[in-house]
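# Overview (structure and organization)
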Amino acid sequence: LLWFASRNQVVLGDDVDYMRVRIEPRLFYHRLGTLDYIHQAGLWRVSASITHENPVGDELPEGHTGQQSGKAWIYAASISRPLEEEGPSAARVYFGFLKVNGGDLADRGDLAGERTMFERRYQFNEAFLLSASKAFRGLTRYPLEARARFIYDRLQNGGAMSLNAGLSFSRSLRAELEMDMLGLFEREPKISDNFLSVYRANDRLGVGVSYAF
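Going along each chain's sequence as written, the residues are numbered from 1 onward. It should be noted that, the model being predicted, local features are given only for residues of pLDDT at least 70 and side-chain atom pairs only at 80 or more, the latter also being counted only at that level, while totals for whole chains, interfaces and linings use all residues. To obtain the side-chain values, all non-hydrogen atoms of the structure were used and water was disregarded.

## With respect to the overall build of the protein
Within the protein, the regular secondary structure consists of one helix and 13 strands. For helices the rule is a DSSP run of H or I covering at least 4 residues; for strands it is a run of E covering at least 2, with both sets numbered from the N terminus onward. Helices and strands in the protein line up, N terminus first, as β-β-β-β-β-β-β-β-β-β-β-β-α-β. Structurally, the protein occupies a C-alpha span of about 70 × 45 × 40 Å along its principal axes. Here's how the labels work: a residue is buried when its accessible area is under 20% of the maximum for its type, exposed when over 50%, partly exposed in between, all with a 1.4 Å probe on protein chains only. Out of the 213 residues belonging to the protein, those deemed buried represent 31%. In the protein, 57% of the contacts between residues at least 6 apart in sequence involve partners at least 24 apart. When checking whether two residues touch, look at their non-hydrogen atoms; a contact exists if any pair is within 4.5 Å.

## Looking at unusual backbone geometry
A positive phi is found at N157, a non-glycine position, where the angle reads about 50°. By secondary structure assignment, the location of N157 is in the loop between β10 (144-153) and β11 (158-168). Assessed through its relative accessible area of 3%, N157 is described here as buried.

## Thoughts on the side chain of S69
On the secondary structure map, S69 appears in strand β7 (residues 64-82). Its relative accessible area of 8% is what places S69 among the buried residues. Side-chain polar atoms of S69 contact the backbone oxygen of G103, separated by 3.5 Å. Here a polar contact means two N or O atoms within 3.5 Å. Within protein one must be a hydrogen donor candidate and the other an acceptor candidate, and residues neighboring in sequence count only if both atoms are side-chain atoms. A polar atom in the side chain of S69 sits 3.3 Å from the side chain of R121. Look past the residues within four positions of S69 in its chain and what remains in contact with it is L1, F28, H30, P55, G103, L105 and R121.

## Section: the side chain of R174
In this fold, R174 is placed in strand β12 (residues 173-184). Looking at R174, the relative accessible area reads 19%, which means it is buried. Among the polar contacts listed, one links the side chain of R174 to the side chain of S168, at a separation of 3.0 Å.

Quick look at the structure:
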């Protein structure tokens, strides 16, 4: 987690006044307990998990403003199945759900306000995931693996779409293409200072080549 000294840091200049801020990290210990369940019924695969996070409290030094973290319950579930006969090139669809209760607390210190001054610890709050993957054969000896994924977060009223394609030319040489797009919908979100709002203009395109010696 992050904090910074916020008291007596204002510098009075000739033309403009400014504040000297040095952001520093601090270690924050946690106790975690997780229960996972996976069930396979024919072509259907169902999984669920519950995680409880219990941070070990620490003291914020006098004159500092810092990020805080509290207890959290994290619930996740997913269901998937292939759309055709099982095999290395079978198309598969996947639906998932994630819910985070708790975790983030209000900042503490002289400059703490209603909105956090730091990044929240969890990227998503109440998210739904829809994903599809498929391997296409015929271009090379190895299949072209493609995947599309869309995540919608109800509380942030936004989503992220990811496209990925990878092609192996041999056992050692592989090329990858990735694209991520983030956006918000028009309705005012309940949480407006989390991942999707902060990075909504940061779409990403990546190309990579790897070789295993």
